[in-house]
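Structure assessment
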Amino acid sequence: MKHPLRNPFADDLSVGQVASRSGIAVSALHFYEAEGLIRSRRNAGNQRRYPREVLRRVAIIKVAQRTGIPLKTIREAFKALPQERTPTAEDWTRLSAAWKAELEHRIDRLTRLRDHLNDCIGCGCLSVKSCPLHNPWDELGKQGAGPRLLDPD
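Everything in this summary refers to the structure shown in the same document. (Residues numbered from 1 in each chain as written. Predicted model: local features only at pLDDT ≥ 70, side-chain atom pairs only at ≥ 80, totals over all residues. Heavy atoms only, no water.)

Quick look at the nonpolar core
Convention followed: Residues enter a nonpolar core if they are buried and are Ala, Val, Leu, Ile, Met, Phe, Trp, Tyr or Cys, with the set joined through side-chain atoms within 4.5 Å. Any residue under 20% of the maximum accessible area for its type is buried, any over 50% is exposed, and the rest in between are partly exposed; the area is computed with a 1.4 Å probe on protein chains only. A run of H or I in DSSP counts as a helix once it spans at least four residues, and a run of E counts as a strand once it spans at least two, with each numbered from the N terminus. Whether two residues are in contact is decided by their heavy atoms, any of which lying within 4.5 Å being enough.
The biggest cluster of nonpolar side chains holds 24 residues, and the ones touching the most others in it are Leu 29, Tyr 32, Ile 38, Ile 61, Ile 74 and Trp 99. Among the secondary structure elements, those contributing two or more residues to this core are helix 1 (15-22), helix 2 (26-34), helix 3 (54-66), helix 4 (71-79) and helix 5 (89-116). For this core, the element with the highest residue contribution is helix 3, accounting for 6 residues. Apart from residues no more than four positions distant in its own chain, Ile 74 is found in contact with Leu 37, Ile 61, Ala 64, Gln 65, Ile 69 and Trp 99.

What to know about the environment of Ile 60
Residue position: Ile 60 is located in helix 3. Distance from Ile 60 to Trp 92, taken between C-alpha atoms, is 8.2 Å for residues 32 residues apart in sequence. For Ile 60, the contacting residues outside a window of four places in its chain are Phe 78, Pro 87, Trp 92 and Trp 99.

Quick look at unusual backbone geometry
Peptide bonds are mostly trans, and most non-glycine residues show a negative phi. With phi around 65°, Asn 46 is a residue other than glycine that occupies positive phi space. In this structure, Asn 46 sits in the loop between strand 2 (41-42) and strand 3 (48-50). For Asn 46, a relative accessible area of 52% puts it in the exposed group.

Focus: the sheet that holds strand 3
Hydrogen bonds between backbone atoms are what pair the strands of a sheet, whose relative direction is either parallel or antiparallel. What counts, and what does not: The criterion for strand pairing is that DSSP finds at least two bridges linking the strands in question.
Pairing is antiparallel across the open sheet formed by 3 strands, whose spatial order is 1-3-2. Looking at the sheet topology across the chains shown, the edges are occupied by strand 1 (13-14) and strand 2. Of the pairings in the sheet, the one linking strand 2 to strand 3 comprises 2 bridges and is antiparallel in character. Bridged to Arg 42 within strand 3 is Arg 48.

On their own, these measurements won't tell you what the molecule is for.
Here it is, written out as C-alpha cells:
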C-alpha cells in the first residue's frame, strides 16, 4: 500500500503507464528509446521506469512526426538542449520555429505538385505535345534522371 502523504506525481512511470497516458504503443516507446529519443532506468526487478517528463518528450515527438519531421531531426534537437533535458515551453518555441521553415518548404513543394499533377509528370519526356512543361532537346536530362520540374528536390 502506498503511503497516503506520498506525492503520486513523484513516482516514475512504467512503460504501460507511459503508453496509456501518451497513446503510443509500448513497442513504439521501446523504439524511441533505442533511437535515443527517450530514456528509462531499470528498477530492482529489471523493469523499465520512465520519469514523468517523458510524457512531454513523447508529445513533442508525436507532433513533430505528424508534421513530417524525421526522427533524426527530432533526436538532434533533443541532443542540442543543455544536458539533453526535457524541452521547456521556451525550448518548444525555438524547436517549432526551426521546424516551421522546413514545414513551409514541404507545403510549398506539395502544393506545386498538386497544382500541376494533371498537367505533366515533369519528366521532360517529350511524349506529350501539349505539355506545359515542354523540354525541347532534353535540356532537363543534363540535370539528372527522373522528374526535374515538379519535384526538383
